[in-house]
Amino acid sequence: MDNILKTEKLINGLKGEIIIPPDKSISHRALIFGALTNSKIKIKNLSKGEDCVSTLKILEKLGVKYQFISEHDLILDSTEGLSAKEKVTLNCNNSGTSARLLSGLFSRCDFSCVLIGDNSLSKRPMKRIIEPLELMGAKIKSNDNKLPLEIQGTDLKAITYYSPISSAQVKSALILAGLGVDEPTRIYEKTLSRNHSEIMLSYLGADIKTGCDKEGYFVEVKKSKLTPKDIEIAGDISSAAFFMVAGAIVPNSEIIIKNVGINPTRTGILDVFKQAEINFSILNERTVSNELVGDIQVRYTKNIKPFEIKGDLIPRLIDEIPILAVLAAQAKGTSTISDAQDLRNKESDRIKTIAEAFLTLGIDIAEKPDGFIINGQNNINKSAVLETYLDHRLAMSYYVLSLINSSKMEIQGFNCVNTSFPEFLKLMNELK
Ligand code: S3P
């Protein structure tokens, strides 16, 4: 794949069926929790995006063995447990999920390590995990609350933590720390962020409780032995999102995206599709390793209604906001996205980068501290060179935008899609 992608408008629409690749969030968790079973398990349908490979390579450096038995299925062998002889440097590359989740785990292991990452990850905030982990007794040295993190494993104590942000990475880091402590650790969040860790841990027989009381949503964990079980991973709704929006906005499209994880903590995009009156349906609902899965059918929708994204909806679609901004650009009226200030801490400052790209294309967008206001318009006809800032979700969102741009576009740094979705262009081409 060339690192500058030249694109052009798609006339005939997207048609057909694709199987969406494995969910990245669930893949990270399958590897990490799988590595805590101290046995051999099979993981079916693992993401091979670079982020999940970073987690796998880190576990390998700590003594976990693996063997791929087909393209996406592997045997994970953690019979020897996790260990390191001396302080070991572990590279998370671009993956915030690896850095944050593994910090929680390594805080209670009996070795020392240094977590490093690429330029983008090294700029992202780690205080959100360092602070609560230190309350549990973790020994972490950081570069002003950023990577590299030097973690000296130690015995932790249980806490009850009221998380100021609803973040699945923070919650999962604390779950991984609490899983090694005799007393229960309880984590509260105001709105429920993705609950894949909770679902997978209860699937593996951990001592875990979830609920909701007057303080908010909580999860409580304590020291648990995990039952070795094979884990199958659903398709990634955050990857499906690009095809769902493309199907809705490119005239003449009618597509089915198969095997998509539709866990309600991830389906904020479906709520937005309802608001926007997109023509879609969910077929063939089932569960896979306790996660809800379905096939999503989307048809081109001529009259897309404007929509509002805020509050409780944000954690349920945080990664989909770039592509939903593209949808807003095609809605008939004004859409608003607010309460999404954490977008500034993603692989790029997504509020700034999206506003910049949309203005370059002549789309009416106003940047706000916590989101945007977008006045949709029917015709986009402006040739432009868009910069991805190596943010994979921007690259794919701009690609979808290019399918309805009557003028040619160039996307700089398009290769960054490999961090999450190496199969993206191949699947798009299958539908053309
Ligand atoms: C993720 C949680 C989200 C999401 C990220 C993956 C996870 O981050 O943006 O892509 O797997 O736990 P936050 O927890 O920072 O919202």
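Residues numbered from 1 in each chain as written. Predicted model: local features only at pLDDT ≥ 70, side-chain atom pairs only at ≥ 80, totals over all residues. Heavy atoms only, no water.

K.L.:
I'd like a rundown of the packing of aromatic side chains, residues and numbers included.
P.N.:
In total, this model carries twelve aromatic pairs according to the counting rule given. Summarising the aromatic geometry, the rings of Tyr 162 and Tyr 188 are spaced 4.9 Å apart at their centres and angled 5° between planes, so their arrangement reads as stacked. With Tyr 162 in strand β10 (residues 160-162) and Tyr 188 in strand β11 (residues 185-189), the pair connects residues that are 26 residues apart, well separated along the chain. For Tyr 188, a relative accessible area of 5% puts it in the buried group. An aromatic cluster is built from Phe 242, Phe 243, Tyr 399, Phe 414, Phe 421 and Phe 424, whose rings are joined through pairwise contacts. The aromatic ring of Phe 218 is capped on one face by Arg 186, whose charged end is 3.8 Å from the ring centroid. The residue whose ring lies beneath Lys 229 is Tyr 203, and the NZ or CZ to ring-centre distance is 4.0 Å. (Phe/Tyr/Trp six-rings, centres within 6.5 Å; stacked < 30°, edge-to-face > 60°. Helix = DSSP H or I, 4+ residues; strand = E, 2+ residues; numbered from the N terminus. Buried < 20%, exposed > 50% of the residue type's maximum accessible area, 1.4 Å probe, protein only. Lys NZ or Arg CZ within 6 Å of the ring centre and 35° of its normal.)

K.L.:
Requested: an account of the site of the ligand, with residues and values cited.
P.N.:
Looking at the ligand, the residues that line it are Ser 25, Arg 29, Thr 97, Arg 128, Ser 167, Ala 168, Gln 169, Arg 194, Ile 318, Asp 319, Lys 346 and Arg 393. A distance of 2.6 Å separates an oxygen atom of the ligand from a polar side-chain atom of Arg 29. At 2.7 Å from an oxygen atom of the ligand is found a side-chain nitrogen or oxygen belonging to Lys 346. Relative to its free-state accessible area of 390 Å², the ligand is covered by the protein chains to the extent of 92%. Secondary-structure elements contributing two or more residues to the shell around the ligand are α1 (24-34) and α5 (168-178). (Near = heavy atom within 4 Å. Polar contact = N/O pair within 3.5 Å; in protein donor to acceptor, adjacent residues only side chain to side chain. Areas by Shrake-Rupley, 256 points an atom, 1.4 Å probe, with all protein chains shown as cover.)

K.L.:
Kindly report on the packing of helix α7 (residues 237-249) against helix α12 (residues 392-402), identifying the contributing residues and their values.
P.N.:
Here α7 crosses α12 at 15°, and the two axes come no closer than 10 Å. When the interaxial angle is binned, α7 and α12 end up roughly parallel. Here α7 and α12 pass one another in a crossing that is right-handed. The residues of α12 that touch α7, namely those facing Ser 238, Phe 242, Val 245, Ala 246 and Ile 249, are Arg 393, Met 396, Ser 397 and Val 400. Residues of the contact of α7 with α12, tallied by class, amount to six nonpolar, two polar and one charged. (Axes fitted to C-alpha atoms, helices over the stretch in contact; angles between N-to-C directions. Parallel < 35°, antiparallel > 145°, perpendicular 65-115°, else oblique. Left-handed = near helix turned anticlockwise from the far one by under 90°. Contact = heavy atoms within 4.5 Å. Nonpolar A, V, L, I, M, F, W, Y, C, P; charged D, E, K, R; others polar.)

Geometric values such as these leave the question of function open.
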